[in-house]
Every structure is written in structure tokens, then in C-alpha cells.
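What the coordinates show
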Amino acid sequence: MLFKTLSKPEFRNLVDLLLGSTEVIAPKQIGVNNDGKPLHHYLPVQEFEEIDLEYEITEYSAKSYFLPFRENLSSCRFEDDDWTQEIHYRLQPRVLMGLHSCDINALLKLDKVLAGDRFPSPYFISRRRNTFIIGIDHYPCEGGFCQSVGADVVTHGFDLYLTDLGDRYFVAINSDHGYNVLMQVDAKDTTGQDNKDYLEARQRIASKFEPLNMHNLPNLMDIEFESEVWKRWGKKCLSCGSCTMVCPTCYCYGVDERVSMDGREGAKVKQLYSCNLLDFAAVAGGHNFRADRETRLKYRYYHQHRGFMETYEEPLCVGCNRCGRVCLAGINPPEIIRDLQTEDQV
Amino acid sequence: MTELLHPYDITQEADIMQPLDFNRRSRLKHVDRTFKSEIINIIRLTEMEKLFQVRILDDTARERFSFRPGQFVMVEVPGYGEIPISISSSPSHKGFIELCIRKAGLVTTILHKARRGAPIGIRGPFGTHFPIEKMRGCNILLIAGGLGLAPLRAPIFHVIENRSNFKDVHILYGTRQPSMLLFNYQYEEWDRIADIDLKVTVEHGDESWTGQVGMITDLLDEVDIAPKETYAIICGPPVMFKFVCNRLTKEGIQMNRMFVSLERRMHCGMGKCCRCNIGSTYTCLSGPVFDYWTVLNLKEAI
Amino acid sequence: MKYLGIEPEVLKIAVFDFTGCEGCELQLANKEETVADFLKVLDVVNFREISSVEGDDYDIALIEGAVTRGDEITRLIQIRKQARLLVALGSCACFGGVNRLKNVLDLNKVNREVYGKDPKETLPARAIKEIVPVDLEIPGCPINKDELERIVQHLIWDIPFQFPVYPVCFECKQRYTTCIFELGQLCLGPITRGGCNAPCPAGGLGCYGCRGPAADPNYSEFFTIARERGYKKKELDEHFNFFGGFEGVG
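Residues numbered from 1 in each chain as written. Chains lettered and ligands numbered in written order. Predicted model: local features only at pLDDT ≥ 70, side-chain atom pairs only at ≥ 80, totals over all residues. Heavy atoms only, no water.

Per the secondary structure count, chain C includes ten helices and five strands. At 19 Å, chain C has a C-alpha radius of gyration in line with the 18 Å of a compact globule built from 250 residues. Expressed along its principal axes, the backbone C-alpha trace of chain C runs to roughly 55 × 55 × 30 Å. The 250 residues of chain C split such that 54% are buried. When contacts within chain C are restricted to residue pairs at least 6 apart in sequence, those whose partners lie at least 24 apart make up 73%. For chain C, the accessible surface area stands at approximately 11400 Å², while carbon and sulfur atoms represent 52% of it. Put simply, chain C has 29 plus and 37 minus side-chain charges, and the middle of one group is 4 Å from the middle of the other. (Helix = DSSP H or I, 4+ residues; strand = E, 2+ residues; numbered from the N terminus. Rg over C-alpha atoms; globule rule 2.2 N^0.38 Å. Buried < 20%, exposed > 50% of the residue type's maximum accessible area, 1.4 Å probe, protein only. Contact = heavy atoms within 4.5 Å. Areas by Shrake-Rupley, 256 points an atom, 1.4 Å probe, with all protein chains shown as cover. Lys, Arg positive; Asp, Glu negative; His and termini not counted. Charge placed at Lys NZ, Arg CZ, Asp CG, Glu CD.)

Structure (C-alpha cells):
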């Protein structure tokens, strides 16, 4: 990896250059909640001032810029009782900036499923390859447990990654694209002092995490498959799917087709779905393989912490705890995992 | 305005220019491109099931299309939906494929209305297959309940076409009532021409029914099983698997010599949508054909 | 238009209004860009919002509004006899709707309050299904035109239509709406049937449940959530009773 430093004014120049050349998505404050806490979303921005890189966490992950909640997989033109299929992939490049390590790690996990060696998704790959990613380091967010799932640092999956050193950013460069873009402004070679400051900054961040006991979790998932833990938490689940919508790694979906009212056009629409919704595993004829809340809730955790682990040797979860924050019923991974760890311990 | 970032166009990739072939799992890029196909014939099997003969329109694509017994395709009625259907015809047959479809949901209902000549879409083949090549030189038990005969028809054709490769072949088939029996016009052919021992039972007979009445497991009483040289292929409702497979285990057949085909809802067929997951195993990628030992290890499979 | 080798039938429909605001009827004529095509697939024989033709030759009867008078009962029974398919259109027809609010009050007093010295005949407001069997219920206040278009397309082909089973929350998330609870308001979103595309929360108003309950709503957890956030029975009842879709809950 190559490293450079960028003074804050030069960073602003860089952002202005990007804003002048392409669409830029960045964390932006959209308001405050009832307790006066700021709410942030990743949104398209026009001005440098709209960007808030000091944000703690966005309500929604950056996922939907790669896996939109709704996406046309193909369209269809009907004529004389015949049809032709049309498919378009995303072509326009854009910048997605201000991503924390959890969101970048989430993209790396999605890459494994959606850009791997079994039926790689052209829709995902097109969006991924057309997105220039600038990440940034930050202190742990409340309730987050990214360090416990190894998602607090990133070594790839971005173009540029910033660490705030006060008057300047320490910039990790992970692609030729990133290098070329950075060279448009006055980036400096790193000095011994820069390296020292960077390592200290990382140390400060690392010291602030509270570890969550993830020991032996995949096996625990199997052993506690019939556990009361699932009944207790499952009873609370509203089956609303909010957790999976805000989750940076949940990628499940459903496909639905539409016809225009004049009958001339059709569309095959992919809609991100949620394994917590009642009919997720229902088949034609009426049988539902996961008819109760408890099994659906368990399935989501099982997929994240057991199934994905089995295939890719890492959990699907990045510890951002967005699902825990959004859940009205207060269902959250740290508590569930703690309960699983202690359920059968004397 | 400076062009800082350059657009990436996936359609310019070499892989995507290759002819559409779903057997190239790792390199296929146009994953949602369908083979435009024509329903060339519709055969009414029962009140609820019809057999559709479907031909891929493009000559080279049709030539290239190949599948193995037990695999499925995604059938699309553009504008209305797409569903997984197992292929019911012979893998060696090149002109068209046969799909046995029960009227159950939205897409199947509209398909049942379609007329001969209707253009539909096909993607596939997808999924695992019955490892029939491993069964060479052995006895084969093909056990089906209800609609389960549809996916079994592909291995049955394979066995018929390669009859000398196998020893004794039994088909045990059960449905709820006589009017629900599928493909009854072929039974005589299987029995007389292919030397297959076919046993049929129904749960509830009617006035005209002269055959057996009972459960599918009853049919097993009439078969002499040599466990060391027998393979079993089982297809039907989940509750049937347990009974039949437990029985076969008692007879001494190894669990990894019994193969079942599981049914799940699928929205992609490619290990993405997660709708068919059992625990966290994709039925569309690791299945639909599993050996029984694997099934036992899947949480909530049957 | 021919499809799959079949020419679909044109649906002969009639629209009847009972006690309601006619807002759902208006939805039929709404959405300028598709309304012409929408009406092409229908043969509207009785519908005063769009055409002046009146006849009694119909297969499908769309009923808007609740039943609140004796003559409405007679009329409804007659319509049921003629219609092959009887559809309750909108929350009033499905649940009684806002009309139902009067049911808990003294009807004579209500009558005097509204009509003064000239009282009208009035019965407790009832949903269509409380009088005659209903084949299809399309809830919403008003109904969602996109959804109605899809339903009509399904009716044309005589294929089953599946309403979403998920609650409103799911659609709020898909349009990046900040949770109404997070903003300190009560919302029935977690237990109300989605499919409306959650316009009220997006506009900052908590859901009042016009589409009735979602499939398998988790009432007990919903009440826990509301209680924990300090909402009193009165506020909850106000929400639950508003459209009548949650009769008996609370």
C-alpha cells in the first residue's frame, strides 16, 4: 500500500475537483431525532459544506448504492403477442466518500457472494466498478462491535482511505484510480512523523473498543439451535424487515414482474427482501418453511454467524449494530450473542 | 470539467460477449438474460398438472443447452414472474425440454392459460443432479410421491436409454387418488419395453380403481432390496422423505446412496436471493439434489 | 392486447358508492398518464366519476363506502345477486372507515349534532362484509392507484393477486424514511399492512392503519413498545379506531 498526506485545505480542493467532475455521495446530516441526536444519511451532495465527516454512524448503510432497494433486472417490450428483453447495467461513475471501515468491509463481504466465482452479478459488479470509494477512520460508535468481528480495520476495498491527524489526513492509496485522483492535488510524501502520528491515532481508536465475546460462535449457533434464547427474542420480533434493510451486508431479495397499463412494457424488478418477513420461505401451495417469528429471526443470525462462516471463514456481520439501533423491539446482536454465550453456562 | 473517473462498461468484457451458457457458472455475466422459447405443445395430465414442451428458439443456443437429470430451469412469463421448474424430459433429447407444471401460484396459473405457440423465457439449467453415472451396474429404486414423479422422469429416461448399464430398476409411485396419477400413459411402456418394475399405489381409491390402496412405504414390502448394490432416488413431499429414507436405512442402504430432491421457493436460481436457503445452504446451488446424509445435517430441511 | 396466445377479456365493472367521501372512486380516474389505458381494459357500465353511462350489465361490482342506512342494505344485497365478483374498495368498504367513529357515540345525539332539527335515518356504520360476502378487499384511505392497476391486471387474467404481507415499516425503510417513533410520535406502521409505499410517515405523520393489520401482526410487542415510550391507552385507541381496521384490538 502507498501512503501520502493531504493538508485539510488540499483535501477540500480534492473534494471540490470531484464535485466538479462527477456525482458525489457523502454523509450528510438530515436532522435530529427526538433526543436531539444528529441523524445522518449517505446522500448526493453538491457543496463541500454539506458533507459531515465527523458523523458517528449513518442510519442506513452504503449498501443501497450497490444493491438498491429496487432495481430493474430487465425490461420487456411487448408487441403482437411477442416480446423482446432488454437489459441495462449502470455505466455512470460516481464517488462514495466518508465510508467507515465497517461499510467497506461489508462491501468486501458482498463481493464474495455477488462478484465471486458462482454466477457473478453484472448489476452489482457494474455499480461496484463504477464507484470510487474514499473511506475514513473514526472512533467506535455506540453499541458497535466491529472490532470483535474484525471489521474495524480495512486493507482493501477502497480507493483512498483517510485518517484524521488534526491539521492533515494520512491517506492510504489502494488503487491506480485513487493514485491518479490524489495526484490532482498537492499530496505530500509521508514523513517519519506522519507515520508516528498515524500509528498513534490508530492506537487511540483501537483502545476505545469494548470487546464482545464471539468465541466459538458458529458451533454455539448449532448447539443452541433449539435454545430458549431464540424464543425469548423471537417473541419480540415485529417481522418488519427493518434490520435487514439498514444492514450493510444483508443481500436477500425477491423478484416481481410488472406490466405497464397499456400492456406494451414489462419489467422484472428486484426488491431487497428480508428473511424476517412472514412469507420469505413460503412456497406456492401455501407451505411456509419458516412460519414463526422465532425461526425467521434465528435464521438471520444463523446465516450471518454460522452459514457465511462455513463458506467464507468469516461472519457476514460487520458489527455496526445498525439493526440493533433501528429495531423498535430492541432486538440487537450484542445482547443476543451474550445470551447465547451464557445460556448453558453454569 | 475534467474527466477524473472513467465509466466501466461490463458489456465490453470478453466473457459477456460469449454465447449465453448457464453451465459456465463462474464466467457467465448476463445472468438475467433469458432464452426466448416457444411452448410447442401442451399435454393435459390431470386437473392440476400440464406438461409443457418448450423449445429454445435460437438454433445455436438450443444446440448448446444441456442439462443433467434432476436439474431445473427458471421459467419466466415476462411481465408476470419467474419460477423454478425441474426438467422432466430426457437429458439426451435435444429439440425441446418438457416441464410438468402444477397450477399453484400466479405464474403457474397464467402458464396454464397459455396456448400452444406462446413465447416464454427460460434460464438455466441450474442446480445439482442425480449422480446417475455412479449408479452404473447397480439396482435403482426410484420412489416418487405426487408431483415428485416430474423430476424423476429425467433419470427414468436416462435409465431407459441406457438400460444395460443398470441391473433391476423399480419405480414406486404413490398419489392421494387415482385422478392425480401423472404420466399414466407411459406406465405400460416403462414396464414392457424398458423392463422396469413399476408399482403404483393411491391413498384413496375410487370405483374404477383396481390397483393398490395404501402408503408408498407399503410398496417397499414387495421389493427385494440388495442394500450393497442399490441406489435410491426419492422425490415427493417432505413428510415422505423421512418415512421412505428411514425405511431404506433400515434395509441397509447407506445414506449417501439415497438421493432426494428438495423443493423451495427460488427467485434467482444462482445463490443470491437466499429464498431457497435451508439453514444457510442454497438449495439452488448445493441442491436441489442432496444425498440423505447431507439432508440430515441441514437444519430445518425436512 | 393478446398475450400467450390469448385475448384477455374486458372486465365489465360497475362502481357503486355507499357512505363515504368518494375519494377512492376518484382514485379510479386518477393518475393521468395511465388512466386512458386503465379504462380501456374495463367496460365501465355504471360510474358517475368517469362516464355517464348507467346500466345493470356488469360482472364486477366495486363498492365504495360503508353501510349506514337501511336502503343501502337492500341495494347491496341486490348488487351481490348480480355481481360475479364483489370488491370492497377502500377502508370504508373494508372496515367501516372513519364513519365507524360514530358507532361508540349515542346515534341520536350524533344525528342532532349534524342535521339539527332535520334528522336523517342512520344506523351504526358497517363494513360491506358485515352485510354480504365480499370476494376481494382493497383497503386504503384512499386506495393506492398503482396497486389497483395491478389488481385489475390480475383480474383481467383471472390470476391470484397477493397483497404484501409485510408491515408499513418495510416500505419506510426502502424509502429512507426516519422512523416516526424516533421523532417522538406514535405510528401503527409496525402492525399495519404495507403496499401503500408508506406516504404518511414519509410526510412526517405516523401511520393510522388505514390498510388494516399486516399478516400476523405482533400486537403484544407493539403494545410493549408503545407503553415503554409513554403512550397512553387513549392515544393508542385514537389510532386504532380511526379507520376501523383494528376492531377489537387495544
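Having seen the model, we can carry on.
Residues and elements named next belong to chain A. The domain boundaries assigned to chain A delineate domain 1 (2–63 + 88–206) and domain 2 (217–251 + 279–342). For domain 1 versus domain 2, the separation of C-alpha centres amounts to 28 Å. Each partner contributes to the interface: domain 1 provides 23 residues, whereas domain 2 provides 22 residues. Summed over both sides, the interface between domain 1 and domain 2 buries roughly 1900 Å², with carbon and sulfur atoms accounting for 61% of that surface. It is K63, K109 and F145 in domain 1 that bury the most area against domain 2; as a group they hold 31% of the surface buried on that side. In this assembly, domain 1 and domain 2 are joined by three salt bridges. When the shortest N-O distance is used, the salt bridge between D103 and R322 registers 2.9 Å. (Domains from an automatic or database assignment. Buried area = accessible area lost by both parts, 1.4 Å probe. Salt bridge = Lys/Arg side-chain N within 4 Å of Asp/Glu carboxyl O.)

To continue, consider the sheet that holds strand β12 (residues 258–261) of chain B. Residue and element names in this part refer to chain B. Within the open sheet, the seven strands sit side by side as β10-β9-β8-β7-β11-β12-β15. Their pairing is mixed. Each end of this open sheet is capped by a strand with a single partner; those strands are β10 (212–213) and β15 (289–291). Two elements, strand β8 (residues 169–175) and strand β9 (residues 197–202), share six bridges in a ladder whose sense is parallel. Its bridge partner being in β9, G174 is matched across the sheet by T201. Running over the sheet, helix α7 (residues 238–251) touches β7 (139–145), β11 (230–235) and β12 and is turned about 170° from β11. (Pairing = 2+ DSSP bridges. Axes fitted to C-alpha atoms, helices over the stretch in contact; angles between N-to-C directions.)

This next bit is on the interface of chain C and chain B. Each side of the interface is counted separately: chain C has nine residues, and chain B has 13 residues. Interface area, chain C with chain B, both sides summed: about 1000 Å², of which 69% is carbon and sulfur. The tally of links between chain C and chain B comes to zero salt bridges. Connecting chain C to chain B are four residue pairs in polar contact (both at pLDDT 80 or more). Here the residues of the side of chain C that touches chain B sort into six nonpolar, two polar and one charged. (Polar contact = N/O pair within 3.5 Å; in protein donor to acceptor, adjacent residues only side chain to side chain. Nonpolar A, V, L, I, M, F, W, Y, C, P; charged D, E, K, R; others polar.)

This brings us to the environment of V246(A). Topologically, V246(A) is positioned in helix α8 (residues 242–246). Exposure remark for V246(A): the relative accessible area of 1% places this residue in the buried category. Setting aside residues up to four positions removed in sequence, V246(A) forms contacts with E59(A), Y60(A), S61(A), R322(A), C323(A), V326(A) and K173(C).

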